[in-house]
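# Overview (structure and organization)
Letter by letter, the chains look like this.
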Amino acid sequence: MPVPDPDRIVFFDGEYKRHGDVHLGLLTHALLYGTGCFDGLRGYWNADREQLYLLQVKAHYERLHQSSKILGLDCAFAVEELIEATIELVRRNELKEDCYVRSLVFKSGEGFGVPFADVATSTALSVLPMGKYLDTDRGIRCKVSTWIRVSDAAIPVRAKVTGVYVNSHLAKNEATDAGFDEAIMLDSTGHVSEGPGENLFMKRGDVWITPPPYADILEGVTRKMLLELIPTLGCEVLERPIDRTELYICDELLLCGTGAEITPVLDVDGRPVGAGKIGDSTRAIQDLYFKIARGDDPRYAHWLTRA
Ligand code: PMP
């Protein structure tokens, strides 16, 4: 995982500062009550072209705005301003490698009570070099979590609210403590929802299936890309509820997300997925995704922003 560097430059409320020079109080509202929204996007370095490409930067900042709206936070910067600030951050940090951009809109003022109308809101962007989050090359083993995904009726997962990630943390920890790589969470109706930081796609026969938004998922940017890409690879793709036991008998399974990219799942609860190896269709999706991300597929150049 990326480690924060105190000398790296961050964007904080319109100013560019050293990471180590940003200080927040002990009673920061977002720290006490989880009142922040965040997003994350990747930059892919193309060494041949000496070019960094930001993947789906606009979609990520539009979602940050949507998350803020759901939570009642005012993001002081328009999507275009956030994009410009990100490009400037990459330049100031002289990043020439794969990286991750973390954006955060949060209640940065101090306050003891839960109401936050009078508490200051801040917007921050940080950039970190980042390689793989999960083992996309070899695939991973997953455990269906005993922790249920937070319901939209409780805390909207559709908004990337910082506090929601307690739910993700519990599931991830339970899975890794039990010797697995990642968790798969069920929604409150018992259907498959998503991973702690990833959406899920399952292949049965020639059809890829992914849980619908009402399965309490985050509406992932990568998920949206796959809904568009999979049909171009000759497979049908459906959004429909998935039962837990379908995970035990499906042919291929993958988790996807900005961090997870396209991660093949080889085993669920000790049962091999298909032949227990990375499937051909998963490989094809991965190959296309990485080609696009590094700027090597002109058909999808509109998903990239040069930085
Ligand atoms: N679900 C959750 C809970 C996540 O945190 C993420 C990562 N942002 C995803 C799905 C995948 O979303 P995206 O493809 O937009 O990164």
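Residues numbered from 1 in each chain as written. Predicted model: local features only at pLDDT ≥ 70, side-chain atom pairs only at ≥ 80, totals over all residues. Heavy atoms only, no water.

### Examining the domain arrangement of the chain
Just so we agree on the cut-off: A domain assignment, automatic or from a database, supplies the domain bounds used here. Buried surface area refers to the total accessible area, computed with a probe of radius 1.4 Å, that the two partners give up upon joining, counted for both partners together. Salt bridge, as used here: a side-chain nitrogen of Lys or Arg that lies within 4 Å of a carboxyl oxygen of Asp or Glu.
Each domain of the chain was delimited in the assignment, giving domain 1 (9–129) and domain 2 (140–293). Distance from the C-alpha centre of domain 1 to the C-alpha centre of domain 2: 26 Å. Overall, the association of domain 1 and domain 2 removes approximately 1600 Å² of surface from exposure, summing both partners, and the carbon and sulfur fraction of that is 66%. Seen at the junction of domain 1 and domain 2, the total is one salt bridge.

### Here's the deal with the side chain of Ser-103
Worth spelling out the cut-off: Going along the chain from the N terminus, every DSSP run of H or I of four or more residues is numbered as a helix, and every run of E of two or more is numbered as a strand. Here the term buried applies to any residue with accessible area under 20% of the maximum for its type, exposed to any over 50%, and partly exposed to those in between, with areas from a 1.4 Å probe on protein chains only.
Inspection of the secondary structure puts Ser-103 in strand 5 (residues 99–107). Judged by its relative accessible area of 1%, Ser-103 falls in the buried class.

### Side note on the site of the ligand
For clarity, the cut-off: Whether a residue is near a molecule or strand depends on its heavy atoms: it is near if one of them lies within 4 Å of it. Two N or O atoms form a polar contact when they lie within 3.5 Å of each other; inside protein one atom must be a possible hydrogen donor and the other a possible acceptor, and for residues adjacent in sequence the pair counts only when both atoms belong to side chains. We get accessible surface area from the Shrake-Rupley algorithm with a probe of 1.4 Å; when it comes to residues, only the shown protein chains can shield them.
Neighbouring residues of the ligand: 17 residues in total, closest Tyr-165, Glu-194, Val-221, Thr-222 and Thr-258. Arg-63 has a polar side-chain atom sitting 2.7 Å from an oxygen atom of the ligand. Thr-222 has a polar side-chain atom sitting 2.5 Å from an oxygen atom of the ligand. When isolated, the ligand has an accessible area of 380 Å², and the protein chains bury 96% of it.

### Things to note about unusual backbone geometry
Phi is positive for Glu-50, which is not a glycine, with a value near 50 degrees. Topologically, Glu-50 is positioned in the loop between strand 3 (36–46) and strand 4 (51–55). Residue classification places Glu-50 among the exposed positions, given a relative accessible area of 60%. With phi around 55 degrees, Gln-56 is a residue other than glycine that occupies positive phi space. Position of Gln-56 relative to the elements: it lies in the loop between strand 4 and helix 2 (57–71). Assessed through its relative accessible area of 13%, Gln-56 is described here as buried.

### Observations concerning the nonpolar core
For the record, the criterion: For the purposes of this section, nonpolar cores are sets of buried Ala, Val, Leu, Ile, Met, Phe, Trp, Tyr and Cys residues that join through side-chain atoms within 4.5 Å. Contacts are residue-level and defined by heavy atoms, with any inter-residue pair within 4.5 Å sufficient.
Residues Tyr-61, Leu-82, Leu-125 and Val-127 are the most contacted members of the largest nonpolar core, which totals 26 residues. Only strand 3, strand 4, helix 2, helix 3 (79–92), strand 5 and strand 6 (121–129) provide two or more residues apiece to this core. For this core, the element with the most residues is helix 3, which contributes six residues. Here Leu-82 is in contact with Tyr-61, Leu-64, His-65, Cys-75, Phe-77, Thr-123 and Leu-125, once residues within four sequence places are set aside.

### Remarks on the packing of helix 5 (residues 221–229) against helix 7 (residues 280–293)
This is how it is decided: To define axes, lines are fitted to C-alpha atoms, for helices over the stretch in contact only, and angles between the resulting N-to-C directions are given on a 0 to 180 degree scale. Crossing handedness is read from the near helix: turned anticlockwise from the far helix by less than a right angle, it gives a left-handed crossing, and turned clockwise, a right-handed one. For this scheme, ten residues count as nonpolar: Ala, Val, Leu, Ile, Met, Phe, Trp, Tyr, Cys and Pro. Four count as charged, namely Asp, Glu, Lys and Arg, and the remainder, Gly too, count as polar.
Running from amino to carboxyl end, helix 5 crosses helix 7 at an angle of 115 degrees, the nearest separation of the two axes being 12 Å. Handedness of the crossing formed by helix 5 with helix 7: right-handed. Along its contact with helix 5, which presents Thr-222, Met-225, Leu-226 and Leu-229, the element helix 7 presents Ile-285, Leu-288, Tyr-289 and Ile-292. Across the contact of helix 5 with helix 7, the residue classes tally to seven nonpolar, one polar and no charged.

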